[in-house]
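# A structural walkthrough
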Amino acid sequence: NYFNRASAPDVEDIELADERAAVLAEAAALKKLAIDYLHPEVGVTSNDAAAFGRNYFNRASAPDTEDDEFADERAEVLAEAAALKQLVVDYLHPEVGVTSTDGAAFGRNYFNRASAPDTEDDEFADERAEVLAEAAALKQLAVDYMHPEVGVTNTDGAAFGRNYF
């Protein structure tokens, strides 16, 4: 017989085979429990039509639920709070800007309207810029005169002078 020859692999006893099957079944059950624990989004499926569960929300000892009018009022308050939060964010962060998805939305240009104040001509603007630059230079000279302790900084390597004192 092929299975009873001297070079045939040893055959397990029936007891060892049953114990091995029980260990493998227990390992498979533990694997299923670990998967169920680590992936709650999968949900529970049941093939037993007689399986039922207890409703913990409608039992006598369940905590009282809100009435519909209180739930509606709570929803209104939360909606108002969300709207106020959005207004605060819009006010405190003007750098975000305004986005609109309505194609019919438009705005008025307050700078080019007929009643807008006249803008400054280019020659007056240039003269104003020159006067402001001269005023800034005079201010710098006054600060340098009044605060000799600040010292002079030089960035030109070819500039030199003699200290007579």
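See the structure printed just above.
A brief look at the structure comes next. As the structure is a prediction and not an experimental result, all values here were calculated from the model.

Definitions and cut-offs
Residues numbered from 1 in each chain as written. Predicted model: local features only at pLDDT ≥ 70, side-chain atom pairs only at ≥ 80, totals over all residues. Heavy atoms only, no water. Helix = DSSP H or I, 4+ residues; strand = E, 2+ residues; numbered from the N terminus. Rg over C-alpha atoms; globule rule 2.2 N^0.38 Å. Buried < 20%, exposed > 50% of the residue type's maximum accessible area, 1.4 Å probe, protein only. Patch = residues over 30% accessible without salt bridge, like charges linked within 9 Å, V, L, I, M, F, W, Y side chains within 5 Å. Areas by Shrake-Rupley, 256 points an atom, 1.4 Å probe, with all protein chains shown as cover. Salt bridge = Lys/Arg side-chain N within 4 Å of Asp/Glu carboxyl O. Phe/Tyr/Trp six-rings, centres within 6.5 Å; stacked < 30°, edge-to-face > 60°. Lys NZ or Arg CZ within 6 Å of the ring centre and 35° of its normal. Expected span 1.5 Å × (residues − 1). Lys, Arg positive; Asp, Glu negative; His and termini not counted. Charge placed at Lys NZ, Arg CZ, Asp CG, Glu CD.

Let us look at the overall build of the chain. When helices and strands are counted, the chain shows 3 helices and 0 strands. Relative to a compact globule of 165 residues, whose C-alpha radius of gyration would be 15 Å, the chain shows 43 Å and is clearly more extended. Its C-alpha atoms give the chain principal-axis dimensions of about 120 × 65 × 40 Å. Across the 165 residues in the chain, those meeting the buried criterion constitute 2%.

On the surface, Val88, Tyr91 and Leu92 cluster together into a nonpolar patch covering about 370 Å² of accessible area. Along the polypeptide, Tyr91 turns up in helix H2 (residues 68-92). Residue Tyr91 is classed as exposed on the basis of its relative accessible area, which comes to 70%.

The next thing to look at is the pattern of salt bridges. Using the criterion set out here, one finds 2 salt bridges in the structure. Note that Arg20 and Glu12 form a salt bridge whose closest N and O atoms lie 2.5 Å from each other. Given a relative accessible area of 38%, Glu12 falls into the partly exposed group. Its salt-bridge partner being Asp36, residue Lys32 comes within 3.0 Å of it at the nearest N-O pair. Of this pair, Lys32 and Asp36 both sit in helix H1 (residues 14-38), 4 residues apart, roughly one helical turn.

With that out of the way, let us pick up the packing of aromatic side chains. A complete count under the given rule lists 0 aromatic pairs for this structure. One cation-aromatic arrangement involves Arg5 over Tyr2; the distance from NZ or CZ to the ring centre is 4.0 Å.

Moving on, we come to the environment of Ala125. Residue position: Ala125 is located in helix H3 (residues 122-146). Each C-alpha atom of the pair Ala125 and Leu78 lies 52 Å from the other, and the pair is 47 residues apart in sequence.

What follows concerns H1. For H1, with 25 residues, the first-to-last C-alpha span of 36 Å sits near the 36 Å given by 1.5 Å per residue. Counting buried residues in H1 gives 0 out of 25 residues, a small share hidden from the surface.

Time to look at a negative patch on the surface. Together, Asp118, Asp121, Asp122, Glu123, Asp126, Glu127, Glu130 and Glu134 give the surface a local cluster of negative charge. In this structure, Glu123 sits in helix H3.

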